[in-house]
Amino acid sequence: MKLLLLISIAIGCVALSFAWREPWIGGVGLLVAFIAMFTDRDDIEVEDKRSYETTKSVRNMRSRNR
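The written sequence of each chain sets the order in which its residues are numbered from 1. Per-residue local features are limited, in this predicted model, to residues with pLDDT of at least 70; the limit for side-chain atom pairs, both in listing and counting, is 80 or more; totals at the level of whole chains, interfaces and linings are taken over all residues. Values reported for side chains reflect all heavy atoms of the structure, with hydrogen atoms and water molecules removed beforehand.

Peer 1: How would you sum up the overall build of the protein chain? Please name residues and give values.
Peer 2: Secondary structure counts use DSSP, requiring at least four H or I residues in a row for a helix and at least two E residues in a row for a strand, with both numbered from the N terminus. The number of helices and strands found in the protein chain is three helices and zero strands. Within the protein chain, the proportion of its 66 residues that are buried is 17%. Here the term buried applies to any residue with accessible area under 20% of the maximum for its type, exposed to any over 50%, and partly exposed to those in between, with areas from a 1.4 Å probe on protein chains only.

Dropping the structure here:
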């Protein structure tokens with residue numbers, strides 16, 4: 001939800017920079033998009049916290065996207 005909110009703010013700022021002809025607003029929008037990109041987390045729950053090896057289902061899920 002936070003990612004969607006930050007991306008919509010970034011798009012709004014970039015659009016406003018074209019409408020108002022103020023380039024700094026677009027810079028703020030790009031900065032917000034950059035922050036949104038690096039603060040987004042996609043955690044995967046691991047069944048056994050003590051193990052360094054991931055579960056078979058996680059390995060299958062990761063290999064499917066390659």
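Peer 1: Which residues make up a nonpolar patch on the surface, and what values do they have?
Peer 2: On the surface, L3, I7 and I11 cluster together into a nonpolar patch covering about 240 Å² of accessible area. When you line up the elements, L3 lands in helix α1 (residues 2-20). The patches described consist of residues with a relative accessible area above 30% and no salt bridge, like charges being joined within 9 Å and nonpolar side chains (Val, Leu, Ile, Met, Phe, Trp, Tyr) within 5 Å. Calculation of accessible area relied on Shrake-Rupley with a 1.4 Å probe; when residues are assessed, cover is drawn exclusively from the protein chains displayed. By salt bridge we mean one thing: a side-chain nitrogen of Lys or Arg within 4 Å of a carboxyl oxygen of Asp or Glu.

Peer 1: Could you give me a rundown of helix α2 (residues 23-39), with the residues and numbers involved?
Peer 2: With 17 residues, α2 should reach 24 Å at 1.5 Å per residue; the first-to-last C-alpha distance of 25 Å fits that figure. Within α2, the full set of buried residues consists of I25, G26, G29, V32 and A36. One side of α2 carries all its buried residues, which in axial view fall inside an arc of 115 degrees. Summarising the geometry of α2, the exposed residues directed more than 90 degrees from the buried face are P23, W24, L30, L31, M37 and F38. Looking at the buried side of α2, the elements it contacts are α1. A helix is expected to reach a length of 1.5 Å times the quantity of its residues less one. The directions from the helix axis to the C-beta atoms form the arc being described. Two residues qualify as a contact provided that any one of their heavy atoms is within 4.5 Å of a heavy atom in the partner residue.

Peer 1: An account of unusual backbone geometry is requested, with residue identities and associated values reported.
Peer 2: Phi angles above zero are rare outside glycine, and R21 is one such case at about 60 degrees. One can find R21 in the loop between α1 and α2. According to the relative accessible area criterion, R21 is exposed, its value standing at 71%.

Peer 1: So what's going on with the packing of α1 against α2? Residues and values would help.
Peer 2: Where α1 meets α2, the closest approach of the two axes is 7 Å, and the angle between their N-to-C directions is 165 degrees. When the axes of α1 and α2 are compared, the pair comes out roughly antiparallel. Handedness of the crossing formed by α1 with α2: left-handed. Contacts from K2, L3, L6, I7, I9, A10, C13, V14, L16, S17 and W20 in α1 reach I25, G26, V28, G29, L30, V32, A33, A36 and T39 in α2. Any residue that is not Ala, Val, Leu, Ile, Met, Phe, Trp, Tyr, Cys, Pro, Asp, Glu, Lys or Arg is counted as polar, Gly included; the first ten are nonpolar and the last four charged. Grouping the amino acids of the contact of α1 with α2 by side-chain chemistry returns 15 nonpolar, four polar and one charged. Helix axes use the C-alpha atoms of the stretch in contact, all axes being lines fitted to C-alpha atoms, and the angles between their N-to-C directions lie in the range 0 to 180 degrees. Orientation is classified from the angle alone, with under 35 degrees giving roughly parallel, over 145 giving roughly antiparallel, 65 to 115 giving roughly perpendicular, and any other angle giving oblique. With the far helix as reference, a near helix turned anticlockwise by less than a right angle produces a left-handed crossing, and one turned clockwise produces a right-handed crossing.

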